[in-house]
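The chain contents come next:
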Amino acid sequence: MATKLLAHVFGKGEKSGKQVDKSMIAGLLGAFDDDCFMKNILHTHAPEESSDIDVQSLFLLVENTLHGSVGIVDSIVNPKGSQGGASGGNSVFKPPTEGFIPPLSTISEVGCEITCKALDTKNVKETMVSVFHELAPYSWVSKAVLTLSAFALHYADFWWLAHAQSSDDKVAESMSILKGLPAITKPLDPQKIQVFGVLNEMVKITLEMTECIVDFEHDCKDVPELSTVIDISANVYQIVVAVVACSIQFTALISGIDDYKGQDLSVFSRKVNVIGHTIKRHYEDFKQKKAEKREYQRLQRLFHAPTDNVELIKSFFYIKDNPLPLYHGSKKATDKVEILRRKKVLLLITDLKLTSPDLSILVKIYSESKFIESGYEIVWIPVVEEAVGEEVLGQFKALQALMPWYSVEAPTLVNSVAVKIIKDKWHFRQETIVVVLDQQGRVENPNAMNLIRVWGWDAFPFTESVGTTLWSKREITWFELLVTDLVFPNITEAIKAGKYIFLYGGEEQKAVHEIEEHVKKITDDGVSMVLINVGKSQLFWTRLESCMLSKLQTRADIHDTLMQDILKLYTSFKKDGGFAVLSRGSHVLVNSSLAVVSKVLSQYDSWKKQVGVGGKTFEVAFKEHHDRIYVLPQCHHFYIPNMVGYIPEDVKCPICPRMMKNIVKFECCHGAH
């Protein structure tokens, strides 16, 4: 039957008198990329939406019609390879909404514009304007589907009739003659077979493009915030151009034009293919964004009211990709998340730059027998933003090998949507956080890392209430919390001995060097002093910030003496370029900026004479001179490290009764303080 049908279709008939000249071909190709013309069309023919239609039902009819037609062409172009034969394949008929009546008049008018009139005018822009004029009342998506409907009738009418004619249907044969179908007796034309095959692929792609925007319009109704992911109007313009191109090419091919055998059709095909690929990619991006949004909403509900810790922890991983997503460092074995059921879990969330001090203190905690006996576990969730290649995977494996607890088996198993929740809900950026979960998956502490850095095992079980208790019952000063043997070896002996300790740090090495020269002069004069330059001690700065943030987590009064002292030191460094603290043992004598203290020390010769007068000590003379030269700034500032959720909103100035302004400052130190 296919052979007979080939003869019916590809024979040479009478000339129609219509011509397809090169200017028209050029106009069709140019219309795809003519931004100025497109903008004019989109502006002039914006939808009134007063006569809109059931676009879903109309598209189903178009899809049914074209699927059958392209199946017939496939069976002609590739008789042996066709899966469905000349009947149009095994496409399933999709019924429209019951009672749906398409706008027949509009479809008919558009059909005339994209077939006979298009070949008569030979002006693509004029045809486009006429088509959009007919479609003026309809929405953008309806414009595309109506245009494709008109072409579908034209395309299917020919192929169904040709197919019916080949079955010795005399009525079909008579109709084919009346419609000017090629005569039965003419020989086959292999070139035209190939041309019709190329055109048929263009039709398939155009149908797929239209399906994308129809589905997009429907699917984005419940996510209006994603409605701009695809530029509907611009895509409709491209689809209409593609339909007009298909229609003009097809009309010319079946009109018996001697000198037209699909010139430049391959160029059109490539262009439509590129546009189709772009539209499909945008639609796939939309579907992914929508799926992520649905998953985000699901996880939000789960995070807000968890009932089981396993369910919550599972949400962090792509369980479908690996049902054994956990790796135990000590056992060297993988396991299911269910192993954590009824356990309290510390979620260690980091990038791949977990510091050695943080890792060391967590290993010590994990080694405490009471930790495991009390039903606690640690699970490492790495947040890896970059592509996971060999280098990144190597960094992950190296860090994982140092952890005796559970970690994700591979960084690619971490759910990207869960990472977004971690950032939004638990405010993870790059700094390490430890989220404490109870057996039901409820959060007992959104970030215990600061507490752990300051108090270590004494903070067990690391809940926020424990932090409040520790700070309220503290028996050591803020200076002892910051200046410990963990940061500066053997400093505890100096503190216990009541020695003078000069703690300082600055951004400019010149200023630091000057202050060291001044201190050397004092020590040469017989004053014993322990000098500590913290400029390059990352551990000190981390501990300083952890003290502030741990204290803020307790909702502490910002005017608390300890809080003010730490804030003063931190602000001196951030605002004034450096700080200096003089203490005797753990008792702080002066806490000021590096510049002010440097000035005090540079004037040592003028105030050292006061030492011994009336029993005045070195420290008293030092402090009195400091207080004399210190000028109270017009504006009082203090800096707080970023910690969303714990920054106080209203703060009364500690100097005057006014409320302080909250000024946001963004800073990058390129990895160094």
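Above this text sits the structure in question.
Residues numbered from 1 in each chain as written. Predicted model: local features only at pLDDT ≥ 70, side-chain atom pairs only at ≥ 80, totals over all residues. Heavy atoms only, no water.

**Q** Please give an account of the packing of aromatic side chains that cites residues and values.
**A** Taken as a whole and assessed by the stated rule, the structure comprises 37 aromatic pairs. Ring geometry for W541 versus F573: centroids 4.2 Å apart, planes at 40 degrees, classification tilted. Separated by 32 residues along the polypeptide, W541 in helix α23 (residues 538–553) and F573 in helix α24 (residues 561–576) bring together distant segments of the chain. Taken together, a centroid distance of 5.6 Å and an interplanar angle of 45 degrees make the contact between W607 and F618 tilted. Highlighted residues: W607 in helix α26 (residues 604–607) and F618 in helix α27 (residues 618–629), separated in sequence by 11 residues. Look at F618 and you get buried, because its relative accessible area is 7%. Here the aromatic cluster, defined as three or more aromatic residues joined through ring pairs, consists of Y366, F371, Y376, W405, W457, F460 and F462. Looking at K143, its charged tip hangs above the ring of W140, at a distance of 5.4 Å from the centre. Its guanidinium or amino end placed over the ring of Y500, R584 lies 4.7 Å from that ring's centre, counting from NZ or CZ. (Phe/Tyr/Trp six-rings, centres within 6.5 Å; stacked < 30°, edge-to-face > 60°. Helix = DSSP H or I, 4+ residues; strand = E, 2+ residues; numbered from the N terminus. Buried < 20%, exposed > 50% of the residue type's maximum accessible area, 1.4 Å probe, protein only. Lys NZ or Arg CZ within 6 Å of the ring centre and 35° of its normal.)

**Q** If you had to explain the pattern of salt bridges to someone new, which residues and values would you point to?
**A** Evaluated as defined, the whole model comprises 25 salt bridges. The shortest N-O distance in the salt bridge between E284 and K287 comes to 3.1 Å. Residue E284 and its partner K287 are both found in helix α12 (residues 265–304); the two are separated by three residues, about one turn of the helix. Across the pair R442 and D438 runs a salt bridge whose closest N-O atoms are separated by 2.8 Å. Residue class for D438 comes out buried when judged on its relative accessible area of 7%. Three or more residues joined by partner-sharing salt bridges are found here, namely K521, D525, D605 and K608. (Salt bridge = Lys/Arg side-chain N within 4 Å of Asp/Glu carboxyl O.)

**Q** Talk me through the environment of V55; I want residue IDs and the actual numbers.
**A** With respect to the secondary-structure elements, V55 resides in helix α4 (residues 55–77). Remark: the alpha-carbon pair of V55 and S139, spanning 84 residues in sequence, is separated by 9.4 Å. Once residues within four sequence positions are removed from consideration, V55 is found in contact with V141, S142, V145 and E217. (Contact = heavy atoms within 4.5 Å.)

**Q** Pulling in residues and values, what's your account of the pairing of strand β6 (residues 433–437)?
**A** The buried count for β6 comes to five of five residues, which makes it a mostly enclosed element. Here β6 shows a buried face lined by I433, V435 and L437 and a second buried face lined by V434 and V436. In terms of strand pairing, strand β3 (residues 344–350) meets β6 through five bridges, oriented antiparallel. Considered in β6, the bridge of L347 is made with V435. Across two bridges, β6 lies against strand β7 (residues 443–445) in antiparallel orientation. Its bridge partner lying in β7, V436 is registered against N445. (Pairing = 2+ DSSP bridges.)

**Q** Give a description of the packing of α4 against helix α10 (residues 190–219) that names residues and reports values.
**A** In contact at an axis separation of 10 Å, α4 and α10 are set at 160 degrees when each is read in the N-to-C sense. Relative to α10, the element α4 is oriented roughly antiparallel. α10 is crossed by α4, and the crossing has left-handed handedness. Broken down by class, the residue content of the contact of α4 with α10 amounts to 12 nonpolar, six polar and six charged. (Axes fitted to C-alpha atoms, helices over the stretch in contact; angles between N-to-C directions. Parallel < 35°, antiparallel > 145°, perpendicular 65-115°, else oblique. Left-handed = near helix turned anticlockwise from the far one by under 90°. Nonpolar A, V, L, I, M, F, W, Y, C, P; charged D, E, K, R; others polar.)

**Q** So, the nonpolar core: which residues are in play, and what are the values?
**A** Within the largest apolar cluster, 98 residues are counted, with the highest numbers of intra-cluster contacts made by F316, L347, I349, F462, L503 and F540. Beyond its immediate stretch of four places on either side in the chain, L503 contacts F479, V483, F488, I532, V534, F540, F579, A580 and V581. Ranked by size, the runner-up nonpolar core spans 81 residues in total, among them M202, V223, V243 and F286. (Core = buried A, V, L, I, M, F, W, Y, C linked by side-chain atoms within 4.5 Å.)

**Q** Can you lay out the side chain of N235 for me, pointing to particular residues and giving the numbers?
**A** Structurally, N235 is set in helix α11 (residues 232–254). Excluding its chain neighbours within four sequence positions, the residues that come into contact with N235 are I213, I230 and I279.

**Q** Explain α24 residue by residue, including any values.
**A** The end-to-end C-alpha distance of α24, which contains 16 residues, comes to 21 Å, matching closely the 22 Å that a straight helix rising 1.5 Å per residue would cover. Taken together, the buried positions of α24 are L562, M563, Q564, I566, L567, L569, Y570, T571, S572, F573 and K574. Where α24 is buried, its residues touch α19 (464–472), α20 (478–482), β8 (500–506), α23, β10 (578–584) and β11 (587–593). Looking at the residues trailing α24, positive phi occurs at G577, about 90 degrees. (Expected span 1.5 Å × (residues − 1).)

**Q** So what's going on with the environment of A333? Which residues, and what values?
**A** Relative to the elements of secondary structure, A333 occurs in strand β2 (residues 333–335). Look at A333 and you get partly exposed, because its relative accessible area is 34%. C-alpha separation for the pair A333 and E409, spaced 76 residues apart in sequence, amounts to 9.4 Å. Excluding residues that lie within four positions of it along the chain, A333 makes contacts with L326, Y327 and H328.

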